[in-house]
Amino acid sequence: MWTYVARKLLYNIPVYLGIILFLMLALRVNDPAYAFLGKNATATDLADIKAKLGLDQPFFYQYLEVLSFNFDVESWANEGLKVSEMLKRSIVPSLSITLPALTLTSIISITIAIISAYFRGRPVDRTLMVVAVVGMSVSFLVYIVFGQYWGAYLLTRDVGIDAFAIGGFEPGLKNWPYYCLLPVLISVIVSMGYDTRFYRSVMVEESGRDYITTAVAKGANKRKVMFVHMLKNAMIPIITRIMTTLPFLIMGSLLLEVYFNIPGMGRVLFKAIQEQDFPVIQSFVTIFAALFILSNILTDVLYALVDPRVRLS
Amino acid sequence: MSTTKTQPVLQVKNLSTCFKTDNGIVTAVDDVSFDLYPGETLGIVGESGCGKTVTSKSIMRLLPDHISFQKPESQVLFGGRNLCQASPREMRKVRGDRIAMIFQEPMTSLNPVFRIGWQLDEALEYHTNLDKAARRDRAIEMLRLVEMPEPERRIDEYPHQLSGGMRQRVMIAMALCCEPDILIADEPTTALDVTIQAQILDLMNGLKEKLNTAIMLITHDLGVVAQVCDRVMVMYAGRVIESATVREVFHSPQHPYTRALLQSIPKSGARQHGRRLPTIPGIVPGLFELPDGCRFQDRCELKEQRCVDEEPALELHDERSYRCHFPLGGQA
């Protein structure tokens, strides 16, 4: 098991080196310092800002610098603010939206999918699937705008219940429902349609298998058949789906953070791209690449844990 | 071969199972009646698609109930109850405990992600009051009973670590672990090679004698029938067309279809050398295009006008019954 993890990590080192090399080249096609300062920049300004990040050094030196996960570089747009500090500040707001959202979405949509698959072709299933299709056909932005208008603005003004904030963020568990519950709910509603339909098709496939008939013939009740026999067999696609969203979990939900004014990773990256804040962009991209590789390794390990037919050796 | 005529353990009366399809309702099993006695083996034979499996699944109520239903006059009498009317809860108590089933595909019938022991334990957990340790002992004992090598080690293995024959043994162990009154075996040996087939059949025979279980053996292999069955029921296009003891069926089949089936068994011996194997021309009619008269008419070499006009009834003649206007009589 651990040797497998170690070997996987070793295999992925060249992959990571390759990705970083490519990204660094791609980000340097246009001079980032020139892009940041604009056409009226003086030669000294350009030289100064390049020196700040070591862009005046040889490429190989820069490559090692990026590979060493050195985030102690200063942001260009926010003078004196280090990228590591920006990461530290924005990770908690991001996770406090994405983590509950992913957990809720997965639990709810897997449950609905199992029920739907079990009763497939019957009114229960049809109703649920119509709701899912309608739900996923409405744009993310519609949910956000109406959520903010009805859930936050009108609820406070007309009913007098100040349950949700229109935007903003305060740390602490006490403040969580006020600032985060609404965006989390919106995120759940948006992703539920897709997820339910995906999980349902997985479950429908499993529910037609012979071992389901065997379980019923043994005297198992519906709940046991659905949530033990069927669910464990459906774990591979479920894990795949959840794990691919894992890097995005840490990088935050860009739209929600921007619209709800939550200072998470997504919004920080969004702002950095707008401002051509090169040190921030480069750091975030390297982190994202690393997270992707790690979640792939984790996926492989989890496969082996749920399915005995997958061998780790 | 001697069947003690005690009380039947299972009585199926006028069982008709219908399916709702896009083209309307089809009756896959049409008015099937038979009795099953303790300790006997009843063979149900017929071509693919003649309703054998649907009959057995109807008894266990394993068919999806939103696309299938039994006609109201259908009765499956077991333990003083009509299983066609039983509640899901009552059905769960019967399934796996009083009536157990073995399926055709040992490769896919076991759940691939759970250990053998877990799957055996499941049936015991539902139907017995044994504690976990006792259930494990019982599971090992069952594996030993079905002649599984090294049961203590095998119990912790996954289905993919076992061969097809071993998996079918596990299925049998699972079916028999609560000592059911009836074992329904739906083509248990079709997917296995011949040597394993013989072992599995011997095993089932031995277990029947040991536990006095009634076995309903569904097969299209008449060799298997001759080897293990006491009585045979021949089905064609959803109907029972002949029902008799094994000896009677093999020595004096009355229905032309039964005879044709028997003739299409390859025989060994020098006399048969170079001779063509007789086959039955045509295929089983689809359930939507059943003829008005006898359902076998289009393939029958003895067809006459009466066969087209009128469907023969299943008539009882000295302990055996058949559905034909022109039975073959004494000839074989």
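Notes on the structure in this doc start here.

Conventions and cut-offs
- Residues numbered from 1 in each chain as written.
- Chains lettered and ligands numbered in written order.
- Predicted model: local features only at pLDDT ≥ 70, side-chain atom pairs only at ≥ 80, totals over all residues.
- Contact = placed C-beta atoms within 7 Å.
- Helix = DSSP H or I, 4+ residues; strand = E, 2+ residues; numbered from the N terminus.
- Nonpolar A, V, L, I, M, F, W, Y, C, P; charged D, E, K, R; others polar.
- Axes fitted to C-alpha atoms, helices over the stretch in contact; angles between N-to-C directions.
- Parallel < 35°, antiparallel > 145°, perpendicular 65-115°, else oblique.
- Left-handed = near helix turned anticlockwise from the far one by under 90°.
- Buried ≥ 20, exposed ≤ 12 C-beta atoms within 10 Å, placed from the backbone.
- Pairing = 2+ DSSP bridges.

Concerning the interface of chain A and chain B
Then, in step 1: Facing 21 residues of chain A, the contacting portion of chain B comprises 24 residues.
Then, in step 2: Those elements that provide at least two residues to the side of chain A that touches chain B are helix 9 (210–218) and helix 10 (222–233) of chain A.
Then, in step 3: In terms of residues, the side of chain A that touches chain B owes the most to one element, helix 9 of chain A, which gives 8 residues.
Then, in step 4: Tallied by class, residues from the side of chain A that touches chain B come to 7 nonpolar, 7 polar and 7 charged.

Quick look at the packing of helix 11 (residues 235–244) of chain A against helix 15 (residues 278–306) of chain A
Residue and element names in this part refer to chain A.
Then, in step 1: Their axes nearest at 10 Å, the elements helix 11 and helix 15 cross at an angle of 165 degrees. Relative to helix 15, helix 11 is oriented roughly antiparallel. For the element pair helix 11 and helix 15, the recorded crossing hand is right-handed. Note on element contacts: helix 15 touches helix 11 through Ser 295, Leu 298, Thr 299, Leu 302, Tyr 303 and Val 306, opposite Met 235, Ile 236, Ile 239, Thr 240 and Met 243.
Then, in step 2: Taken together, the residues that form the contact of helix 11 with helix 15 break down as 8 nonpolar, 3 polar and no charged.

Some words on the pairing of strand 10 (residues 231–236) of chain B
Residues and elements named next belong to chain B.
Then, in step 1: Taken across its 6 residues, strand 10 has 6 buried, putting it largely inside the fold.
Then, in step 2: Alternating residues of strand 10 divide into Arg 231, Met 233 and Met 235 and Val 232, Val 234 and Tyr 236, and every residue in both groups is buried.
Then, in step 3: Here strand 3 (residues 41–45) runs beside strand 10; their pairing, made up of 4 bridges, is parallel. By the bridge assignment for strand 10, Val 45 is matched with Val 234.
Then, in step 4: Sheet analysis places strand 10 next to strand 11 (residues 239–245), joined by 6 bridges and oriented antiparallel. Pairing of Tyr 236 across the sheet is with Arg 239, part of strand 11.
Then, in step 5: Where strand 10 folds back onto strand 11 in an antiparallel hairpin, the turn is made up of 2 residues, including Ala 237, whose phi is positive at roughly 45 degrees.

Quick word on the environment of Arg 309 of chain A
Then, in step 1: Checked against the element boundaries, Arg 309 of chain A lands in the segment after helix 15.
Then, in step 2: In contact with Arg 309 of chain A, other than residues within four places in its own chain, are Pro 112 and His 160 of chain B.

Description of the pairing of strand 8 (residues 182–186) of chain B
Residues and elements named next belong to chain B.
Then, in step 1: Of all the 5 residues making up strand 8, 5 are buried; the element is thus mostly covered by neighbouring parts of the structure.
Then, in step 2: With burial as the criterion, each face of strand 8 is covered, one bearing Ile 182, Ile 184 and Asp 186 and the other bearing Leu 183 and Ala 185.
Then, in step 3: Alignment of strand 7 (residues 99–102) against strand 8, held across 4 bridges, turns out to be parallel. Directly across from Ile 99, in strand 8, lies its bridge partner Ile 182.
Then, in step 4: As judged from the 5 bridges shared by strand 8 and strand 9 (residues 214–219), these two strands associate in the parallel manner. The residue bridging Ile 184 from the neighbouring strand is Met 216, located in strand 9.

In short, geometric facts, not functional conclusions.
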